[in-house]
Amino acid sequence: MQLTVWTYEGPPHVGAMRIAAAMEGVHYVLHAPQGDTYADLLFTMIERRASRPPVTYTTFQARDLGTDTAELFKTSARDAYARFEPEALLVGASCTAELIQDDPGGLALALDLPVPVVPLELPAYQKKENWGAAETLYQLVRALAGPTIPRFAPPPGETQRAVRGARPRCNLLGPTSLGFRHRDDVQEVRRLLEAIGVEVAVTAPLGARPADLARLGEADFNVVLYPEIAGLAAQWLQRSFRQPYTKTVPIGVGATRDFLREVATLAGLDPEAAVRAGESRLPWYSRSVDSTYLTGKRVFVFGDATHAIAAARVATEELGFQLVGLGTYSREQARDVREVAKRHGLDALIADDYLEVEDAIARAHPELVLGTQMERHVAKRLGIPCAVISAPVHVQDFPARYSPQMGFEGANVLFDTWVHPLMMGLEEHLLGMFREDFEFHDSAAPSHLGHGARVAVEAPRHDAAIAHAPAPAATVAWEPEAELELRKIPFFVRAKARRNTESYAVAQGIASISVGTLYDAKAHFGR
Amino acid sequence: MNAVPDCAVTADRATAPTAPTAPTARTERGQREVFCGLTGIVWLHRKIQDAFFLVVGSRTCAHLIQSAAGVMIFAEPRFATAILDERDLAGLADANAELDRAVARLLERRPDIRLLFLVGSCPSEVIKLDLARAATRLSVIHSPTVRVRHYSGSGIETTFTQGEDACLASLVPSLPVEDTDAASLLVVGALPDVVEDQFDRVLAAMGIGPVRFLPPRRSTELPPVGPNTRFLLAQPFLADTARALAARGARHLPATFPFGAEGTTEWLRAAAREWRVSPERFEAVTAPARARATRALARYRAQLEGKRVFFMPDSQLEVPLARVLSRELGMELVEVGTPFLHRQHLAAELERLPPGTAIVEGQDVERQLDRVRAARPDVTVCGLGLANPLEAEGLTTKWSIELVFTPIHGYEQAGDLAELFARPLVRRVRLAV
């Protein structure tokens with residue numbers, strides 16, 4: 001039993017819904033009690049979807065438990081088929097229906113419907129949303145991707161390519177409904193691929209029909225956009241159709257270049273020509289002098305594994321930040337995140353308890369948080385600027401404008417979204433210059449952060465959430481003059497100066513901080 | 001099944017002949033597009049400020065509550081989910097020991113909590129986890145600082161607002177005994193503080209009192225109850241709570257529900273009659289607010305009169321709201337869907353609906369949507385899962401959940417209630433894109 005306040009992921013059947021809702025011509029019959037239909041609003045409200053997700057729920061109630069819930073399931077499946085006429089039917093159970101063991105798969109197969117029926121076994125008490133999405137895509141691909149090829153025959157892509165001509169072909173795998181910027185990532189990556197002469201055969205699940213899945217084997221290789229979701233299916237396609245798949249996720253300039261090289265190699269194209277196919281403004285913006293203030297900014301990164309790993313690279317290599325924390329809620333990909341964290345001298349935080357994450361953020365004293373909507377709220381409470389990099393999604397994560405995370409345009413978006421919450425370089429410089437001005441008081445936070453955004457910077461909450469964090473050097477006292485001197489330091493670095501001075505004092509065995517101690521500490525730590 | 005109203009109409013009763021002028025009610029069965037009772041936690045935890053709601057359930061339950069709450073994390077909320085896992089189900093872990101551990105951890109983090117609700121869910125009901133015993137056991141462990149109660153908000157037993165009914169009903173046995181001989185008035189149903197204060201003032205001006213509210217703002221202020229207690233229901237979905245109060249000797253004052261000028265007046269009049277308030281005094285006290293409400297409604301009547309409204313079933317507020325829209329705003333009722341029709345509590349409402357109003361209890365969402373598309377009403381009141389898809393089909397909608405979260409009771413909010421229905425229509429007229 002796990003005590004949970006907010007969850008990063010929904011149950012696995014919500015992952016299945018994300019696949020069904022992303023596709024055309026698929027319907028999902030879900031054995032579930034009344035109330036589980038709440039999941040529809042994720043799609044209609046958060047994503048502003050203009051149609052209901054293609055899901056029929058049995059919505060059984062207590063009175064049905066005494067009678068025949070299996071019959072109810074069969075009726076629902078039959079009615080759903082008659083009404084929606086899907087080209088393929090997914091069937092499964094939510095957490096409660098799993099307990100009553102009606103076997104939706106067996107019941108649906110017994111209906112003898114004239115379309116493929118794909119039963120889903122999604123253990124709700126062990127697994128979560130992303131796993132459910134991955135498993136659903138895998139089961140659909142297995143069921144619909146056609147007969148696998150004999151081991152020694154040439155891959156179908158190769159044969160067809162010989163017939164067709166030179167254009168190499170790939171599939172784009174992983175984008176779903178309710179994915180973090182999946183809609184725009186697909187457009188951006190498609191553009192990248194076309195620019196280097198690679199044709200996209202099938203994009204799945206987003207926008208694909210069951211018949212499209214049957215054509216997956218025709219491509220030369222697969223591009224895996226989101227390993228959490230498409231990894232399992234890509235591995236099966238590699239085993240069955242000998243289609244290799246990409247391992248690089250093109251988020252950030254460096255990763256996009258690496259991705260293009262990887263794709264070019266798989267497609268038999270010139271890798272360096274491929275890299276020259278696109279440009280981002282990020283490298284120059286990052287080198288322009290206004291950005292020097294970004295140097296060494298302490299950044300805490302948390303999200304799904306794909307976005308967290310990518311953010312760690314962009315933050316450090318492309319913006320010059322210092323990584324002070326890295327974590328994920330994707331336990332399935334924990335190993336990859338741990339490896340990246342180790343390279344930065346950190347221990348990865350693998351947690352799906354947002355209070356644990358809040359605790360870690362408070363302890364790391366970052367100047368910027370790159371996280372999910374949960375971390376956005378945590379950062380708001382702690383008065384730290386934040387940008388959202390990963391699901392779980394919020395209505396704000398579906399902007400009206402084109403806003404990919406991937407590719408060269410995605411890198412431009414990252415620069416803007418991560419840098420804007422911070423003080424601009426020139427602003428920071430001016431604040432330093434005008435700090436004696438009476439109008440520059442502590443509460444004069446930058447207007448774009450909203451009123452009172454910095455309230456908690458100096459006095460982190462000592463409430464339950466962080467009470468068990470190691471107590472700051474409470475035994476060290478500040479002499480009044482030192483306290484006054486500290487106030488002359490611009491507020492955006494004051495918390496850090498206080499912390500550094502206190503830890504210096506503790507290390508030196510100084511019980512009372514004087515003005516001298518303050519400047520000794522400054523000399524000790526440098527900027 | 002404790003939370004299902006005992007007089008919920010079943011199929012056979014629905015076909016029973018009705019009086020020629022009475023609205024026709026029929027039941028429908030199929031997919032229900034409604035929240036479960038856990039959703040009530042979203043407003044109940046704001047109301048009872050020292051209470052904590054611990055759902056014993058699955059990841060789905062936790063996901064539902066945060067989705068219904070709009071994924072807005074303003075503060076650490078006073079609710080959480082103890083998520084059952086494989087080990088609990090397989091009996092590898094003693095679920096009760098696990099629950100005790102989770103509760104201990106929770107109370108350690110939140111020393112301000114005085115009342116803890118263990119809230120049952122679909123999975124906890126299906127595996128028959130005995131939360132009653134758990135609550136008793138935990139009450140002993142954490143006594144006297146924390147009292148532990150339990151109720152079920154499961155979808156197999158409760159629909160949306162029935163969660164509040166189950167919660168309040170679970171409090172009734174622990175209400176103190178009223179030991180005076182004087183009559184007292186209990187207003188039952190969670191209301192925004194500002195609305196409570198308004199009712200309090202009006203009732204006091206008529207000399208009615210003492211007036212108490214259930215749920216109270218703090219669990220340490222539980223209202224006493226006894227044979228001298230009279231109670232008014234502020235919400236139409238409190239069947240179990242009303243029955244539990246009656247079992248404690250309290251007497252229900254039947255009335256319309258306090259929505260709109262008429263409903264509020266009749267609701268107040270029920271108490272006034274009981275307290276033998278003179279008609280002159282009643283008139284003197286209520287007239288100014290009633291006039292304000294009528295004025296406020298008149299502005300929207302111009303926009304809403306003759307417009308056709310369709311209610312999808314959601315909160316059980318549908319029948320009283322349909323009455324306001326029909327009688328005070330001149331709207332035409334195409335269909336009034338409701339998850340349950342409590343004929344006894346709604347008697348005064350039903351008799352005020354136009355003859356032949358189509359009332360549908362229960363739901364088959366697909367067939368109901370067919371009827372919406374065929375009728376093309378001017379406003380469709382529906383849940384969040386249906387609103388955008390209907391808007392995309394060119395139909396104007398009103399989110400029903402807003403009717404639960406927004407103060408709409410009483411005279412001073414009558415205009416706000418009307419505005420909620422007028423706004424989507426006004427918006428559609430304004431937009432030129």
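All figures in this text were calculated on a predicted structure; none of them were measured in a lab.

**Let's talk about the domain arrangement of chain B**
Residues and elements named next belong to chain B.
Right, so step 1: Here chain B is partitioned into domain 1 (2–34 + 303–432), domain 2 (37–158) and domain 3 (184–284).
Right, so step 2: Using C-alpha coordinates to define each centre, domain 1 is positioned 25 Å away from domain 3.
Right, so step 3: Listed as interface residues are 29 residues of domain 1 and, on the opposing side, 29 residues of domain 3.
Right, so step 4: Inspection of the domain 1/domain 3 interface yields two salt bridges.
Right, so step 5: A salt bridge links E262 to R352; the nearest nitrogen and oxygen atoms lie 3.1 Å apart.
Right, so step 6: Where domain 1 touches domain 3, the interface holds 12 residue pairs in polar contact (both at pLDDT 80 or more).

**Considerations on empty space enclosed by the protein**
Right, so step 1: Counting across every chain of the model gives nine cavities of 30 Å³ or more.
Right, so step 2: Taken together, 19 residues make up the lining of the largest cavity; nearest its centre are Y8, E129, P392 and V393 of chain A together with H63 of chain B.
Right, so step 3: Looking at the lining of the largest cavity, the elements that each hand over two or more residues are α1 (12–22), α2 (39–46) and α7 (129–144) of chain A together with α3 (59–68) of chain B.
Right, so step 4: Element by element, the count of residues in the lining of the largest cavity is highest for α3 of chain B, at three residues.

**Topic: the interface of chain B and chain A**
Right, so step 1: If you look at the interface, chain B gives 65 residues, while chain A gives 58 residues.
Right, so step 2: At the boundary of chain B and chain A, one finds four salt bridges.
Right, so step 3: Of the charged contacts in the structure, one is a salt bridge between R52 of chain A and E366 of chain B, with a shortest N-O distance of 3.0 Å.
Right, so step 4: Joining chain B to chain A, the criterion identifies 24 residue pairs in polar contact (both at pLDDT 80 or more).
Right, so step 5: For the side of chain B that touches chain A, the elements supplying multiple residues, two or more each, are β2 (51–57), α3, β3 (79–83), α4 (86–89), α5 (95–109), α6 (122–126), α15 (365–375) and α16 (384–392) of chain B.
Right, so step 6: Considering every element that reaches the side of chain B that touches chain A, the biggest residue donor is α5 of chain B, with eight residues.
Right, so step 7: Residue composition of the side of chain B that touches chain A, by class: 36 nonpolar, 13 polar and 16 charged.
Right, so step 8: Of the strand pairs in this sheet, strand β1 (residues 2–4) of chain A and β3 of chain B are connected by three bridges, and their pairing is antiparallel. Bridge pairing in β3 of chain B places Q2 of chain A opposite I83 of chain B.

Cut-off values and rules
- Residues numbered from 1 in each chain as written.
- Chains lettered and ligands numbered in written order.
- Predicted model: local features only at pLDDT ≥ 70, side-chain atom pairs only at ≥ 80, totals over all residues.
- Heavy atoms only, no water.
- Domains from an automatic or database assignment.
- Contact = heavy atoms within 4.5 Å.
- Salt bridge = Lys/Arg side-chain N within 4 Å of Asp/Glu carboxyl O.
- Polar contact = N/O pair within 3.5 Å; in protein donor to acceptor, adjacent residues only side chain to side chain.
- 1 Å grid on protein atoms, 1.4 Å probe; cavity = no way out; pocket = protein on both sides within 12 Å on 5 of 7 lines; lining within 4 Å.
- Points joined across faces, edges and corners; volume = space filled by probe spheres on them.
- Helix = DSSP H or I, 4+ residues; strand = E, 2+ residues; numbered from the N terminus.
- Nonpolar A, V, L, I, M, F, W, Y, C, P; charged D, E, K, R; others polar.
- Pairing = 2+ DSSP bridges.

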